[in-house]
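The primary structure of each chain is shown beneath.
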Amino acid sequence: MLKNILLIALLAIAITGKAQIKYPTPEESDYIAKDFTFESGEKLPELRVHCITVGKQHKDAMGQTDNAILIMHGTTGDSKGLIGIERFSNTLFAPGAVLDATRYYIVFVDGIGHGKSSKPSDGLHMKFPKYTYNDMVKAQYLLVTQHLGINHLRLVMGTSMGAMHTWVWGYTYPDFMDALMPLASNPVEIAGRNRMMRKLAIDMIENDPAWMGGEYKTQPKEGLLGATASLLFMGSSSLQMQKAAPTRDEEDALLAKTEDRYYHLLDANDVIYAFDASRYYNPEPHLEQIKAPLFAINSADDVINPPELGLIDKDIKRVAKGRYILLPITDKTSGHGTHSNPTIWGDYLKELMVISEKK
C-alpha cells in the first residue's frame, strides 16, 4: 500500500499496519469526468477520480448536506494510505470521536496522479496532462458535487499536499464549507528550499539514462534512489530517526529498507508529476477571499514548513477567521509526519468544529 512519500521514513520507524476498524465499513467508488480540461489547456476525454467514503450522507430540511467531511492526502499518497493509519482513523472516526463516522459522512479522495485516480503510469506516461493543484481541487469538487451529490461540506481538511489543497478550496469555493483545517503547509508559493528539494527529486529521475524520457521498461533505479536523499530529508524528524537508528548498523539497515520501499512502491513518472504539480500553488493573493473559520496547524520540527520563515505568521492575519497553531517539538512529534497524528492536534479540531457549528 503506497503511503505518503513524505511519511515513508516515519512509517519505517513504526509501521501501523492495517487499521482495526472501529467505524462503518469504508466504501470505494469512481467518478468519470468527461472531457476534463486542465489548467494547461490539455484535455482528457475521461478523467477517473477515485474516492473512499465512510458513513452516510445527511441533508437538512432545506436539502443541504450538513455532515460531509472532505479529507485529502499528501504527495504520492492515497486515501487508503491515510485511512489505513490506525492512529489517524480510530482517533478521529470511532464512535464518540470528534469526526464520529456514525454521525458524519467522511470522504477521502485520491488526487489526480495518485492512488486509483487517473495518472501517468496508467499508460500515457509523460504525455499525461501536466496537472496542477488547481486541477486537482477542480476534480475533487466535481467528485463531491456530481458523483456524491454533496452540496455543502461541514469541514475540509488535508495533510501536506492535502493541506495546500485545503487553502485552495477555501478561496476557490468560499461558501461551500463551514470550516477548514490545513495540516502541515504554508499559504505561499512553493519556492526556496522547498522547491529546490522537489526539483532535485525530479532532476534525479530525469537525469537517469534508464528513465528514457519516461518510456522506461523497468523503473529507473538510480534515479529513484537518488531522489531518496531529497525525499527522506523532507519527511524526516531528526529526533525520531535518531531514536529509530541510534547506531551506524541500525541506520544502514533502516536506510536500506527505506530505499527498497521507495523503489518498489513508486512509479518514476508519477513522482515527477506529483512533485511538479505544486509549481503554480500560491494562495497568498487570495487569502481575504476565505470566509470559513480556518485553523492552520504546523509542527516546529517540520523541515518542509520551518517556523523560522515566519510566512504563515503574517499571512494568517489576512484570513478573516483564521488562526495559526504551531505545535512545539516534543518526543511525540515527528516532523512533517505530525500531520497524521491527531492525538497531538485533535483538541484543536474539536475546538474548530465547535466554533464553526451553525447556531
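Values in this document were obtained by computation on a predicted structure and should not be read as measured data.

Let us now look at the sheet that holds strand β6 (residues 180-183). Spatially, the eight strands line up as an open sheet ordered β1-β2-β4-β3-β5-β6-β7-β8, and their pairing is mixed. Looking at which strands have only one partner, the edges of the open sheet turn out to be β1 (27-37) and β8 (322-327). Each strand axis lies, on average, 20° off the axis of its neighbour in the sheet, ignoring direction. In this structure, β1 lies alongside strand β2 (residues 43-54), joined through 10 bridges in antiparallel fashion.

Now for the nonpolar core. L153, W167 and W169 are the most contacted members of the largest nonpolar core, which has 71 residues in total. Beyond its immediate stretch of four places on either side in the chain, L153 contacts A68, L70, V144, W169, F176, M177 and D178. Core analysis: the next-biggest nonpolar cluster, separate from the first, contains 30 residues, I85, L99, W345 and L349 among them.

Residues apart from glycine generally show negative phi values, whereas peptide bonds are mostly found in trans. Backbone geometry at D35 places phi at a positive 50°, although glycine is not the residue there. Its place among the elements puts D35 in strand β1. The exposure class assigned to D35 is exposed, which follows from its relative accessible area of 55%. The phi angle at S160 is positive, at roughly 60°, despite the residue not being glycine. On the secondary structure map, S160 appears in the loop between β5 (155-159) and α5 (161-172). On the basis of relative accessibility, which here comes to 2%, the residue S160 falls in the buried class.

What follows deals with the side chain of N341. As for its position among the elements, N341 is in the loop between β8 and α12 (342-355). Within the local environment of N341, its side chain forms a polar contact with the side chain of T343, the two groups lying 2.4 Å apart. With residues near it in sequence (within four places) discarded, N341 still touches R87 and K332.

On to the packing of helix α7 (residues 221-235) against helix α9 (residues 248-265). To describe two helices that pack against each other, one gives the angle between their axes and the distance between the axes. Close contact between α7 and α9 brings their axes to 9 Å; oriented N to C, the two are set at 120°. Accordingly, the angle class assigned to the pair α7 and α9 is oblique. Considering the relative orientation of α7 and α9, their crossing is right-handed. Across the interface between the two elements, K221, L224, L225, T228, L231 and L232 of α7 pack against L255, T258, E259, Y262 and Y263 of α9.

Moving on, we get to the environment of K350. In this structure, K350 sits in helix α12. Sequence-wise, K350 and A97 are 253 residues apart; in three dimensions their C-alpha atoms are separated by 9.2 Å.

About the criteria used
Residues numbered from 1 in each chain as written. Predicted model: local features only at pLDDT ≥ 70, side-chain atom pairs only at ≥ 80, totals over all residues. Heavy atoms only, no water. Pairing = 2+ DSSP bridges. Helix = DSSP H or I, 4+ residues; strand = E, 2+ residues; numbered from the N terminus. Axes fitted to C-alpha atoms, helices over the stretch in contact; angles between N-to-C directions. Core = buried A, V, L, I, M, F, W, Y, C linked by side-chain atoms within 4.5 Å. Buried < 20%, exposed > 50% of the residue type's maximum accessible area, 1.4 Å probe, protein only. Contact = heavy atoms within 4.5 Å. Polar contact = N/O pair within 3.5 Å; in protein donor to acceptor, adjacent residues only side chain to side chain. Parallel < 35°, antiparallel > 145°, perpendicular 65-115°, else oblique. Left-handed = near helix turned anticlockwise from the far one by under 90°.

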